[in-house]
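Report on the structure
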Amino acid sequence: MANYLFTYHGGGVPETEEEGAKVLAAWEAWMGSLGSALVNPGNPVGPSASIATDGATAPSHDGDTVTGYSIVTATDLDAAVALAMGCPIRDDGGWIEVGEIVPM
């Protein structure tokens, strides 16, 4: 078994309290469905900046901005991708990057 980083990108911001409650419930249901595979539910990520090799900084580009992360355990990359498929961010225009965490 290995740990995998789910990096969330994009997605929308709920416009109403009711919409926010529905989004939160969807995330809680999905994370609950991961069971013991969920190592760390992670957190949302706020505003970010990109830093170039020369040290110049700029706000991260919309759509490519990291908006959160989680850590799961799975037998291999395909199994981790299967776990990510149910993530509600995909219903809101966002996407997920799945990568194995390499022990050092």
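Nothing here was measured: the structure is a model prediction, and the numbers come from that model.

It is worth spelling out the overall build of the protein chain at this point. Broken down by element type, the protein chain carries two helices and six strands. Listed by position from the N terminus, the elements making up the protein chain come as β-α-β-β-β-β-α-β. Principal-axis analysis of the C-alpha atoms places the extent of the protein chain at approximately 45 × 40 × 20 Å. In the protein chain, buried positions account for 24% of the 104 residues.

Residues Leu77, Val81 and Met85 make up a contiguous nonpolar surface patch of about 250 Å² in total accessible area. Tracing the backbone shows Val81 in helix H2 (residues 77-84). For Val81, a relative accessible area of 31% corresponds to the partly exposed category.

Evaluated as defined, the whole model comprises four aromatic pairs. Relative to Trp30, the ring of Trp27 has its centre 5.7 Å away and its plane inclined at 85°; by these criteria the two rings are edge-to-face. With a gap of three residues between them, Trp27 and Trp30 both fall in helix H1 (residues 17-33), about one helical turn apart. Trp30 sits in the buried class, given a relative accessible area of 6%. What links up through ring pairs into an aromatic cluster is the set Phe6, Tyr8, Trp27 and Trp30.

A few words on the sheet that holds strand E1 (residues 2-9). The four strands are arranged E2-E5-E1-E6 in an open sheet whose pairing can be described as antiparallel. Two strands in the sheet have a free side with no partner beyond their single neighbour: strand E2 (38-44) and strand E6 (95-100). Going from strand to strand, the sheet's axes swing by 15° on average, the running direction of each strand aside. Examined bridge by bridge, E1 and strand E5 (residues 66-74) share eight bridges and lie antiparallel to one another. Paired with Ala2 across the strands is Ala74, a residue of E5.

What follows is about a negative patch on the surface. On the surface, a cluster of negative charge is made up of Glu15, Glu18, Glu19, Asp91 and Asp92. We classify Glu19 as partly exposed; its relative accessible area is 36%.

Moving on, we get to the environment of Ala25. Checked against the element boundaries, Ala25 lands in helix H1. Separated by 63 residues in the primary sequence, Ala25 and Pro88 have C-alpha atoms spaced 9.8 Å apart.

Turning our attention to the environment of Asn40. One can find Asn40 in strand E2. Between the C-alpha atoms of Asn40 and Tyr69, which are 29 residues apart in sequence, the distance is 8.9 Å. Not counting residues within four places of it along the chain, the set of residues in contact with Asn40 comprises Ser70 and Ile71. For Asn40, the side chain forms a polar contact with the main-chain nitrogen of Gly42, separated by 2.7 Å.

Scoring rules and cut-offs
Residues numbered from 1 in each chain as written. Predicted model: local features only at pLDDT ≥ 70, side-chain atom pairs only at ≥ 80, totals over all residues. Heavy atoms only, no water. Helix = DSSP H or I, 4+ residues; strand = E, 2+ residues; numbered from the N terminus. Buried < 20%, exposed > 50% of the residue type's maximum accessible area, 1.4 Å probe, protein only. Patch = residues over 30% accessible without salt bridge, like charges linked within 9 Å, V, L, I, M, F, W, Y side chains within 5 Å. Areas by Shrake-Rupley, 256 points an atom, 1.4 Å probe, with all protein chains shown as cover. Salt bridge = Lys/Arg side-chain N within 4 Å of Asp/Glu carboxyl O. Phe/Tyr/Trp six-rings, centres within 6.5 Å; stacked < 30°, edge-to-face > 60°. Pairing = 2+ DSSP bridges. Axes fitted to C-alpha atoms, helices over the stretch in contact; angles between N-to-C directions. Lys, Arg positive; Asp, Glu negative; His and termini not counted. Charge placed at Lys NZ, Arg CZ, Asp CG, Glu CD. Contact = heavy atoms within 4.5 Å. Polar contact = N/O pair within 3.5 Å; in protein donor to acceptor, adjacent residues only side chain to side chain.

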